[in-house]
Amino acid sequence: MSSRVLSRVPKSWVLLACIGLLALNLRGPFVAVAPLVDLMQAELHFSPVMLGLLTSIPVLCFSLAAPLASLAARRFGAEFAVTLTILGVLAGVLLRSAGGPVLVVAGTVVIGVAITIGNIAVPLIIRRDFAPRRQGTAMGIYTAALNIGSFLTSVIMAPLAAVTGWRLALAAVAVLAVAAVVVWVLAVGPRTAFLAEAEDGGDTPRAPATRSGWITAGLTAGFGGQAFSYYGVTAWLPSYLHDELGMNAAQAGAASSIFQILAIVGGLGVPFAAKYLSTTAVAVTLGTLWLAVPVGLLFLPQLWWLWSTSGGIARGGGITLIFIAVIKLARDQASAGRMSATVQGLGYCLAAVAPPLVGFVHDSSASWTPALLVILVSVLTFFVSTTLSVRQVPKGR
């Protein structure tokens with residue numbers, strides 16, 4: 001790392017706080033729509049297809065805009081890319097809550113592209129500015145904060161909209177974006193935050209080029225399996241619990257929240273476990289916990305709370321482990337950006353397919369068994385691909 005870069009890096013605890021606050025903005029605006037779709041439909045008269053697009057557009061952006069986000073991080077610098085992320089989220093949130101159907105869709109696209117830039121830029125900052133022994137902890141806090149943002153937004157939106165209306169409720173998400181941009185500018189300085197400056201990419205290569213392609217392919221398959229499983233379970237778990245166990249909407253929603261909130265435990269737990277266990281052992285543990293979800297729901301659905309707990313921990317830990325592998329196994333800063341864009345771009349492409357595909361399989365078969373088998377295949381893909389790919393990450397590094 002050059003002396004010029006070192007001079008602009010804030011203290012690690014300040015940077016960690018910034019990353020945590022930023023992460024609260026990288027999923028919250030995305031999930032804010034789901035609790036409000038009925039209110040939005042009543043006023044805007046969206047079709048069911050359009051309502052589905054409001055939640056799937058950001059995931060599609062995560063996939064389609066990933067190469068552009070990687071290019072932006074390299075050409076403009078990671079700090080400026082973070083600034084673009086926060087300002088983009090802020091603009092998209094306000095645009096989405098300001099007008100009719102066109103502005104709602106346009107704002108959603110802006111939010112999706114902005115978050116995609118952050119998805120790429122934050123791991124690059126963690127790789128560059130944290131010592132190797134602290135990178136896992138920083139990544140764990142980042143992914144835990146992603147899930148905290150999702151959970152808090154999901155919980156708050158409906159009661160807030162009951163008091164203020166859906167427009168002001170959606171706009172209220174901007175408060176976190178304003179706080180993030182203020183703290184970010186104070187931490188890195190106005191010049192660094194708003195000055196586009198290409199990454200020098202001059203760090204020492206860490207992995208042979210011949211292994212880079214295989215590692216990227218394995219991590220991409222692992223991330224894709226993880227993302228497909230997560231979005232498939234998130235979309236259809238409430239319906240499954242209603243059909244199989246007779247739960248009402250409130251009960252099924254509470255059951256799903258366990259799956260969401262336990263991801264925080266996984267995100268924080270993986271860096272701790274990796275200090276004492278090999279990354280292979282961590283991957284096998286996470287894969288086993290993930291497998292418990294479709295297998296458990298197939299044979300013992302009455303223990304849904306156990307499978308939701310297991311799956312939540314696995315999915316929070318899984319994304320953390322894959323991101324740690326990306327930043328530690330990439331040859332240099334430039335290849336880390338490319339690897340991250342590939343892993344996330346293709347992985348989120350599979351994620352976008354999950355809800356409609358799982359729903360189609362269920363409707364076609366009039367049974368949840370084939371749908372759960374589809375989830376099982378995606379979990380096995382995560383298990384095998386991730387376990388084989390992370391073997392090169394040393395324990396406690």
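Predicted model, so just to flag it, every value in this text is computed and none were measured. (Residues numbered from 1 in each chain as written. Predicted model: local features only at pLDDT ≥ 70, side-chain atom pairs only at ≥ 80, totals over all residues. Heavy atoms only, no water.)

### Brief notes about the overall build of the chain
Our working rule: Think of it this way: any DSSP run of H or I at least four residues long counts as a helix, any run of E at least two long counts as a strand, and we number them from the N terminus. Put simply, the radius of gyration uses C-alpha atoms, and a globule should come to 2.2 Å times the residue count raised to 0.38. For each residue, the accessible area found with a 1.4 Å probe, counting protein chains only, is set against the maximum for its type, and the residue is called buried under 20%, exposed over 50%, and partly exposed in between. Any two residues whose heavy atoms approach within 4.5 Å at even a single point are treated as in contact.
What the chain contains, in helices and strands, is 19 helices and 0 strands. Computed over C-alpha atoms, the radius of gyration of the chain comes to 20 Å, within 12% of the 21 Å expected from 2.2 N^0.38 for 397 residues, which places it in the range of a compact globule. Residues counted as buried form 55% of the 397 residues belonging to the chain. Long-range pairs, those at least 24 residues apart, make up 86% of the contacts in the chain with a sequence separation of at least 6.

### Thoughts on the nonpolar core
Note the following rule: Definition used in this section: a nonpolar core is a set of buried Ala, Val, Leu, Ile, Met, Phe, Trp, Tyr and Cys residues joined via side-chain atoms within 4.5 Å.
Counting residues in hydrophobic clusters, the biggest one holds 120 residues, and the most contacted among them are Ile126, Tyr142, Trp184, Leu219, Tyr231 and Trp290. Ranked by residue count, the leading element in this core is helix 17 (residues 304-329), at 12 residues. With residues near it in sequence (within four places) discarded, Tyr231 still touches Phe30, Val59, Phe62, Tyr348, Ala351, Ala354 and Pro355.

### A closer look at the packing of aromatic side chains
Selection rule: Between the rings of Phe, Tyr and Trp (Trp by its six-membered ring), a pair exists once the centres lie within 6.5 Å; its type follows the angle of the planes, with under 30 degrees stacked, over 60 edge-to-face, and the other angles tilted.
Tallying each qualifying case throughout the model produces 12 aromatic pairs. Here Phe30 and Phe62 contribute two aromatic rings whose centre-to-centre distance is 5.9 Å and whose plane-to-plane angle is 75°, an arrangement assigned as edge-to-face. Of this pair, Phe30 sits in helix 3 (residues 28-31) while Phe62 sits in helix 5 (residues 48-64), placing them 32 residues apart in sequence. Phe62 carries the same exposure label as Phe30, and that label is buried. Ring geometry for Tyr240 against Trp368: centres 5.9 Å apart, planes inclined by 80°, an arrangement best described as edge-to-face. Pair noted here: Tyr240 is in helix 13 (residues 209-245) and Trp368 is in helix 19 (residues 368-389), with a separation of 128 residues, a long-range link. For Tyr240, a relative accessible area of 4% corresponds to the buried category. The class of Trp368 is buried, set by a relative accessible area of 7%. Among the aromatic side chains, those forming a connected cluster through ring pairs are Phe30, Phe62, Phe223, Tyr230, Tyr231, Phe259, Trp290, Phe323 and Tyr348.

### Details of helix 5
The following threshold applies: The length a helix should cover is 1.5 Å for every residue beyond the first.
Counted at 1.5 Å a residue, the expected span for helix 5 with its 17 residues is 24 Å, and the 23 Å between its end C-alpha atoms agrees. Among the residues of helix 5, Leu51, Leu54, Ile57, Pro58, Val59, Cys61, Phe62 and Ser63 are the ones counted as buried.

### A look at the pattern of salt bridges
Any two side chains of opposite charge can pair, on the condition that their charged atoms come close. This is how the line gets drawn: Salt bridges, as used here, are contacts in which a Lys or Arg side-chain nitrogen is within 4 Å of a carboxyl oxygen on Asp or Glu.
If you walk through the whole model with that rule in mind, you get 3 salt bridges. The salt bridge partner of Glu79 is Arg128, with a shortest N-O separation of 2.3 Å. Here Arg128 lies in helix 8 (residues 101-129) and Glu79 lies in helix 7 (residues 78-96), a separation of 49 residues in the sequence. With respect to burial, Glu79 and Arg128 carry one shared label: buried.

Remember, this is a structural readout, not a statement about activity or role.
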